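Notes for the structure review
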Amino acid sequence: MARIRTLEMRDIVKDFSGLRANDGVSLKIEAGEILGLLGENGAGKTTLMNILFGLYRPDGGTILINGEEVVFRSPRDAMQRGIGMIHQHFMLVQKHTVLENVALGFEKAPFFFPLRQVRRRLAEFSYRFGLAVRPDEPVWKLSAGEQQRVEILKALIRSSDLLIMDEPTSVLTPKETAELFDILKRMSGEGHSIILISHKLDEITRICSRVQVLRKGKVAGEAPMGEVSAEDLARMMVGRRVADSYPKADLPPGRVVLEILDLEAQNDQGAPAVRGVSFEVRENEIFGIAGVSGNGQQELVECVTGLRRASAGAVRLLGREITGLSPRQIHNRGISHVPEERIKFGIVPNLLLYENAVLKRHHRQPYSIRNIMNYPAIRRHAGDLVKSFQVATPSIYSPMKHLSGGNIQKLILGREISADPVLMIAAHPTYGLDVGASEYIRGQIIARRDRGGAVLLVSEDLEELFMICDRVAVMFEGRIMGIVDPRSGSFEEVGMMMAGAVEAAGGEATDAV
Amino acid sequence: MRFESVPRAGTSRVLEILAPALSLLAGLAAVGLVFLLKGLNPLFALGEIFRSSFGSVFGLTETVTKALPLILVGSGLALTFQAKFWNIGAESQLLLGAVFSTWVGLTWGPSLPGPVIVPLMFLAGFLGGALWGMIPAALKIRLGINEVISTLMLNYIAAELVKFLVVGPWKGASKHGYPYTDDLPAQAILWLFPGTRISPILLVLAPAAAATLTFLIFRTRFGYEVRVIGENREAARYAGIDFFRTSLLFMAVSGGLAGLAGTGELTAIHHHLSYPDTLSAGYGFTAIIVAWLGRLNPLLVMVSGVFLAGIIVGGDAIQMSLGLPAVTVQVFNGIILIFLIMGEFFLRNRIRWVRRTPRHG
């Protein structure tokens, strides 16, 4: 089969239950090119690449290889046409050796003694592209960088001309990243094309020959690397500020409620996720945390709510240390929490609405008295929440799973606000909600602030953060790159920080300590 | 062209009751097929089962005798299954209850009056089952060991322990070499209604336990937390529920109830510790079906307990009257459990006929 000289995606459309992930996206790549695909989370990068790899079928649009239309029904079809994809999470059998992983599912391997032939080819490719691997080592013993090399070799041996790499550096050390980039350059020199999905500006500028930016499912811009500046890219990525701020009471910030000092924490894989974060949140203040998700925001929130242990640093609430307390103790001290992934964490789908209305507060009076649940009081409370937070539901006896996402979120928000917390943490509170529900929820968060509450708001939606926050901190790779005043700060500035390109100039970042 | 299952949006009350009833009927029909293969008239054989368990006074008293341990064990299992903790080890928790009460009965029985020693034995039974039940809970929460494996394996350990005791250190001097312990002293043996094997104490204890467990599951903070753990572990963590404490506690209650059943079997029926399969007619396993058939609600477990007890009694009867092998009852129970589980699946999911492969996404 002919090698890929050009590949084109034309007007690709993909809907996910009403949400348009790709809206008429076109993309073109030629042999030997390294194309950077840039965009925030949820911009549609991964969806587009999954379509190219045959994992999803588009609802509209076409794919052309060397000018000829192709249809991929499965990744197998895509692989046969020379397309390989390396996912963010490696698809390797941990207990098998490198060689066995490469041979697994390799169609051209002979039936008898497949490993002998695969070993020869592995050595050949490994030498040609400078991909050092140890063929007889089991995969679980390898570092992330080595595992990635195995994935690349797998793709090369299956004669992939076009390699899609989804956030390849997110698991690598700086040294491994440099090695990867050398390999990629060598591959492009041999006529392979590479699509690199990333949200890090410096990587894109270091290695790509061309860049395309997606925003909200559409192409926001596209240019050869030499013709755009990092500022241009940041602007394309985050867009322009359109909506105005929500009206807020003109209140000076009050006393310090939450104080975070040099906090450090690891993620589930044991890698550092929060690396020396300090800031404080005051009364009458909504403190926003911006950033592409996966830059330590979740771990930070978990440290404050007691769901994760900090490895260093301190968290104080109203001057009292709460580091290392259990989630229940922290809740009792007055922190309420609207969690991200609301259905996974925030509710119990199979229990009834009223049972969910007291989750996390069920152990306190008046909802339970001496270990006996006070269901009449709970049902009254649920009825109040439904009424005052406009939760649309047939009754408080409905199973929680029958409510829509927006109504689930309204109930959670109402539950957390009605606890009258000292500090409310809201993580991605409007993610995936329609405009009406989002506006309602933002209004409620502001009302909380205006009544003297302190709010820590984590969001990926810059628009939202600028509309309602009093201050916005930007997190990148576990650090706070800077703290911006939404009244005077610009999207570009924040966009650059989100992509790790600059740190805020001047004192803002330091005076937060 | 293929089938696809889709979760149902909602289930009505009627369906919730109809589904287990229909699966039960389907299960009995399948059991009928087994009879047919043996060359028996299935309707006659099934009729025989229920006639011998519910159709006579003697049958009924035997059914109640066997229903009491099933209700005790089944109520406890309903609690752990609410937490999605798959306790398959009620059989061993029952045995440990019997072991503990045997020790108490033989050691202190001769020197204490009945009203003291009997409660002490029940207490010891509860304690034995509870301790044995807490082992897999601790193993699971602290070391991540799957409770299905650990509870199942603990069954073997407990059975071997009982065997060791009855042929070894506890072997009765008065038993002429048989693998039994000595009989409990008379004051440690329960009074039975004349002509039956039903003790009034157990007749009150089993329903009382079921009622208490119903209250525990649906009215207390502990029960709420158990249900939250069972339905969404992540949310339980978010809500600050202490997994270790809660798991130890519900396994203590569940194991303890199984232990009470062990004490009951010992003091009302057998009067001495003997081989494990003599001591318990597989109640720890049958109670799993009892709990599911009772929809994990101890009040309904009282009904399903009586029903399954009827099948055991009827199964024993047709072994003799129709010349069927002893494992017949287990075949029944297995078939009925499979049908109940399938019924549960169809209650929660709708089956759809798909003509083409659907798009991903």
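Residues numbered from 1 in each chain as written. Chains lettered and ligands numbered in written order. Predicted model: local features only at pLDDT ≥ 70, side-chain atom pairs only at ≥ 80, totals over all residues. Heavy atoms only, no water.

Looking at where valine 116 of chain B falls in the secondary structure, it is placed in helix α5 (residues 114-143). With 58 residues separating them in the primary sequence, valine 116 of chain B and phenylalanine 58 of chain B have C-alpha atoms 32 Å apart. (Helix = DSSP H or I, 4+ residues; strand = E, 2+ residues; numbered from the N terminus.)

All names here are of chain B. Formed by 89 residues in total, the largest nonpolar core has its most connected members in Phe35, Leu70, Val73, Leu77, Leu79, Phe250 and Leu273. Counting residues per element, this core draws most heavily on helix α10 (residues 243-270), at 11 residues. Residues in contact with phenylalanine 250, not counting those within four places in the same chain, are Leu79, Thr80, Ala83, Phe85, Phe222 and Val226. (Core = buried A, V, L, I, M, F, W, Y, C linked by side-chain atoms within 4.5 Å. Buried < 20%, exposed > 50% of the residue type's maximum accessible area, 1.4 Å probe, protein only. Contact = heavy atoms within 4.5 Å.)

What follows is about the interface of chain A and chain B. Contacts between the two partners involve 35 residues from chain A, matched on the other side by 23 residues from chain B. Carbon and sulfur atoms supply 56% of the area that chain A and chain B bury against each other, a total of about 2600 Å² over both sides. Counting every contact that joins chain A to chain B gives two salt bridges. Put simply, arginine 227 of chain B and glutamate 355 of chain A hold a salt bridge, and the shortest N to O gap is 2.6 Å. Inspection of the region where chain A meets chain B yields 16 residue pairs in polar contact (both at pLDDT 80 or more). Among the elements of the structure, β1 (6-16), α10 (327-333), α11 (342-346), β18 (372-373) and α14 (405-418) of chain A are those that each provide at least two residues to the side of chain A that touches chain B. With four residues, the top contributor of residues to the side of chain A that touches chain B is α11 of chain A. Among the residues making up the side of chain A that touches chain B, the classes are represented as 18 nonpolar, eight polar and nine charged. (Buried area = accessible area lost by both parts, 1.4 Å probe. Salt bridge = Lys/Arg side-chain N within 4 Å of Asp/Glu carboxyl O. Polar contact = N/O pair within 3.5 Å; in protein donor to acceptor, adjacent residues only side chain to side chain. Nonpolar A, V, L, I, M, F, W, Y, C, P; charged D, E, K, R; others polar.)

Helical periodicity: at 3.6 residues per turn, an α-helix aligns residues three or four positions apart in one direction. All names here are of chain B. Judged by how many residues are buried, helix α12 (residues 283-293) sits mostly within the fold: nine of 11 residues are covered. Every buried residue of α12 is accounted for by Tyr283, Gly284, Thr286, Ala287, Ile288, Ile289, Val290, Ala291 and Leu293. On its buried face, α12 sits against α1 (13-37), α3 (57-82), α4 (90-108), α10, α13 (298-321) and α14 (328-348). Once α12 finishes, arginine 295 follows within two positions and takes phi at roughly 50°, a positive value.

Residues and elements named next belong to chain A. Spatial strand order, β12-β11-β14-β15: four strands in an open sheet with antiparallel pairing. Unpaired on one side and paired on the other, β12 (272-282) and β15 (320-321) mark the two borders of the sheet. Across two bridges, strand β14 (residues 312-317) lies against β15 in antiparallel orientation. Considered in β15, the bridge of leucine 317 is made with arginine 320. (Pairing = 2+ DSSP bridges.)

Turning our attention to unusual backbone geometry. All names here are of chain A. At the junction of glutamine 365 and proline 366, the peptide bond is cis and its omega measures out at 0° in the coordinates. Positive phi, normally seen in glycine, also occurs at leucine 318, with a value near 50°. Topologically, leucine 318 is positioned in the loop between β14 and β15.

Residue and element names in this part refer to chain A. What the four strands build is an open sheet, ordered β2-β1-β4-β5; its pairing is antiparallel. The open sheet has two edge strands with one neighbour each: β2 (19-30) and β5 (68-70). Adjacent strand axes in the sheet meet at a mean angle of 30°, parallel and antiparallel pairs treated alike. Relative to β2, β1 runs antiparallel, the two sharing nine bridges. Paired with threonine 6 across the bridge in β2 is glutamate 30. (Axes fitted to C-alpha atoms, helices over the stretch in contact; angles between N-to-C directions.)

We now examine the packing of aromatic side chains. Here the distance between the centres and the angle between the planes together describe a pair of aromatic rings. Residue and element names in this part refer to chain A. All told, the structure shown has 17 aromatic pairs over all chains when counted by the stated rule. An aromatic cluster is defined as three or more aromatic residues linked by ring pairs; in this entry it consists of Tyr354, Tyr375 and Tyr397. The residue whose ring lies beneath arginine 379 is tyrosine 354, and the NZ or CZ to ring-centre distance is 5.2 Å. (Phe/Tyr/Trp six-rings, centres within 6.5 Å; stacked < 30°, edge-to-face > 60°. Lys NZ or Arg CZ within 6 Å of the ring centre and 35° of its normal.)

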